[in-house]
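Architecture at a glance
Listed below are the residues making up each chain.
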Amino acid sequence: MDIDDILREVDPTFHSVPLEKRDLQELTRAWVAERSAPELLPWPSNGFFERINDNIKRQIERVEDMTGDMDPKTNFALIVIQTELERYRYLVRSYLRARLAKIDRHALHYLSTDELRARMSDVELAYATRHQALLHNHYLSSFLSSFPPNLQNLNDSAGINMVEAPDLDSAVFVRLLRDTLVTAKGVEDDNAVKGMEISVALIDVESHDTHDP
Amino acid sequence: MPMYGDLGNKLVQHAKRTQNLAHLPPYQTELVRAVTREVRDLDRDVAALLEPFQGSFDPAEHQATACTLLVNHLSMRRNKRCLLAYHRTRTDKLEELVWNGTDIVDMAGAQQAGGPAAVSAPDGAAGSSSLSPQEEDYFRQYGDLLAAYKGHWTDIDLTGSLDPPRDLFIDVRVLKDAGEIQTEYGAINLTKNSQFYVRQGDVERLIAQGYLQKLG
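What you see is a predicted model; the values in this text were computed from it and never measured. (Residues numbered from 1 in each chain as written. Chains lettered and ligands numbered in written order. Predicted model: local features only at pLDDT ≥ 70, side-chain atom pairs only at ≥ 80, totals over all residues. Heavy atoms only, no water.)

1. Concerning the overall build of chain B
Within chain B, the regular secondary structure consists of 7 helices and 5 strands. In chain B, the succession of helices and strands from N to C terminus is α-α-α-α-α-α-β-β-β-β-α-β. With 216 residues in all, chain B has 39% of them scored as buried. Total accessible area on chain B stands at roughly 12,000 Å², and carbon and sulfur atoms take up 52% of it. (Helix = DSSP H or I, 4+ residues; strand = E, 2+ residues; numbered from the N terminus. Buried < 20%, exposed > 50% of the residue type's maximum accessible area, 1.4 Å probe, protein only. Areas by Shrake-Rupley, 256 points an atom, 1.4 Å probe, with all protein chains shown as cover.)

Take a look at the structure:
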């Protein structure tokens, strides 16, 4: 992706583009946001990933159909399609694993309230629940079961809270999709900056209300 | 007589060391048992201290006892955290091994020279497993869990490389005989020290497992 793509992406007239292209743009955006945010972002609903998956499946079938054709023209097209396919796959893989890393790290936190659970996809929720059960089981069979009963919990909140949560005070980059006011907490004092479109700012997470268009 | 928490501290040091190692050092069965015993002893002390008061303990009246109780109370919780940290560090390592496709057989110590485990644990204790039986169970169960999750994304290859793809085709050198593999361009026989120009997606697993080395 070069600067032209970035500029085109934020162009409001860009939405006359075909669905496939918009999907890729949305995927890229979700990927960038997920990788730079300290907390887990909501799973895109409305069947977005089902569509992405179908796109990938269709391309794989296409590659299979084209393989075996010895025509040099087809062969060249095949390489282009396969390269694109690999990149597409990488985006999805990297996105899913960035999410999984966050879920693994703070599983109990994301399982603690309905609101946080809703950020995960059904599959992720099942994974997180099962993973946490496995861990708890492992602790129990390794040492926790011979502890006094009142010390066997994993979610004590008396004294120090045992459930760790992501650090929402860490800094993030935001890219403005249109002019707006960006407010941020500073080390010494808070400030607000009049942000221009396409400018990139380094701010605190809690004030990221300009994240999406 | 060691101080309360000394043993827990040892566990944390083991955990810290484990983080920077390529392989998993042997499980500290004795240490884990000793720390757990300390927690139980402390709990018993607390119960014994509170016993004469019959549930009507007033900290302001018996400050010395209150202080002992507090120290015992904090020591128990600290020990618990040390144990949790130690085990979590190791399970993190185990999960990493599952993601890399390491086999439990290689982990369990039945290693032969040349197996993938020999690469990750050159000084691995031959013959005895560095995992506790519980960890072996966990390793297997997490493997099943990951397989189930991956099953929802069959076309993506979730365990594939996390480096952005640059070239469709790459040069590889064969480090260990890996037999014949099927690609869409026909079969390739991977014999040691030979070199091939292959599609990266076809050989990613073999690179991760140490059979092939990516060149250039």
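That covers the picture; the talk isn't over yet.
2. Looking at the pattern of salt bridges
When their charged atoms lie close together, side chains carrying opposite charge are able to pair. Using the criterion set out here, one finds 11 salt bridges over all chains in the structure. One salt bridge connects Lys57 of chain A with Asp155 of chain B, and the closest N-O pair in it is separated by 3.6 Å. Of the two residues, Lys57 of chain A is situated in helix 3 (residues 48-66) and Asp155 of chain B in the loop between helix 6 (133-150) and strand 1 (169-174); the pairing between them involves two chains. A relative accessible area of 37% places Lys57 of chain A in the partly exposed class. Here Arg90 of chain B ties to Glu135 of chain B by a salt bridge, and the two come within 2.6 Å at their closest N and O atoms. Linking Arg90 of chain B in helix 3 (residues 63-99) with Glu135 of chain B in helix 6, this pair joins segments that are 45 residues apart in sequence. Glu135 of chain B matches Arg90 of chain B in its accessibility class, with the two residues each being buried. (Salt bridge = Lys/Arg side-chain N within 4 Å of Asp/Glu carboxyl O.)

3. A few points about the confidence of the model for chain A
Interpretation of this model should avoid reading the predicted coordinates in detail wherever pLDDT is low. For chain A, per-residue confidence averages 79 on the pLDDT scale, and residues scoring 70 or more make up 76% of the total. The low-confidence segment residues 205-213 of chain A, where pLDDT is below 50, has 22 contacts with residues more than four positions distant or belonging to other chains. (pLDDT = per-residue confidence, 0-100. Contact = heavy atoms within 4.5 Å.)

4. Remarks on the UniProt feature "domain: GINS subunit" (unreviewed entry) in chain A
The UniProt record annotates "domain: GINS subunit" (unreviewed entry) at residues 63-141 of chain A. Each end of residues 63-141 of chain A is marked by a C-alpha atom, and these two atoms are 49 Å apart; helix forms 86% of the span and strand 0%. (UniProt positions renumbered as here; feature names shortened; annotations may be inferred.)

5. Overview of the environment of Gln132 of chain A
Residue and element names in this part refer to chain A. Inspection of the secondary structure puts Gln132 in helix 7 (residues 122-142). Overall, Gln132 belongs to the buried group, its relative accessible area being 12%. Once the C-alpha coordinates of Gln132 and Val32 are considered, the two residues, 100 residues apart in sequence, prove to be 27 Å apart.

6. Here we look at the nonpolar core
By size, the foremost hydrophobic cluster in this structure holds 62 residues, and its most contacted members are Phe49 and Val92 of chain A together with Trp153 of chain B. When residues in this core are grouped by element, the largest group, 10 residues, is from helix 4 (residues 72-105) of chain A. Once you skip the residues sitting within four places of it in the chain, Val92 of chain A turns out to touch Leu27, Phe49, Ile52 and Ile56 of chain A together with Trp153 and Ile156 of chain B. (Core = buried A, V, L, I, M, F, W, Y, C linked by side-chain atoms within 4.5 Å.)

7. Some words on the interface of chain A and chain B
Contact with chain A, which involves 46 residues of that partner, is made by 43 residues of chain B. Contact between chain A and chain B buries roughly 4,400 Å² in total, counting both sides, with carbon and sulfur atoms accounting for 64%. Taken together, the connections running from chain A to chain B amount to 1 salt bridge. The tally of links between chain A and chain B comes to 11 residue pairs in polar contact (both at pLDDT 80 or more). Element by element, the count of residues in the side of chain A that touches chain B is highest for helix 4 of chain A, at 15 residues. Looking at the side of chain A that touches chain B, its residues break down into 21 nonpolar, 13 polar and 12 charged. (Buried area = accessible area lost by both parts, 1.4 Å probe. Polar contact = N/O pair within 3.5 Å; in protein donor to acceptor, adjacent residues only side chain to side chain. Nonpolar A, V, L, I, M, F, W, Y, C, P; charged D, E, K, R; others polar.)

8. Comments concerning helix 6 of chain B
With 18 residues, helix 6 of chain B should reach 26 Å at 1.5 Å per residue; the first-to-last C-alpha distance of 26 Å fits that figure. Taken together, the buried positions of helix 6 of chain B are occupied by Glu135, Glu136, Tyr138, Phe139, Tyr142, Leu145, Leu146 and Tyr149 of chain B. (Expected span 1.5 Å × (residues − 1).)

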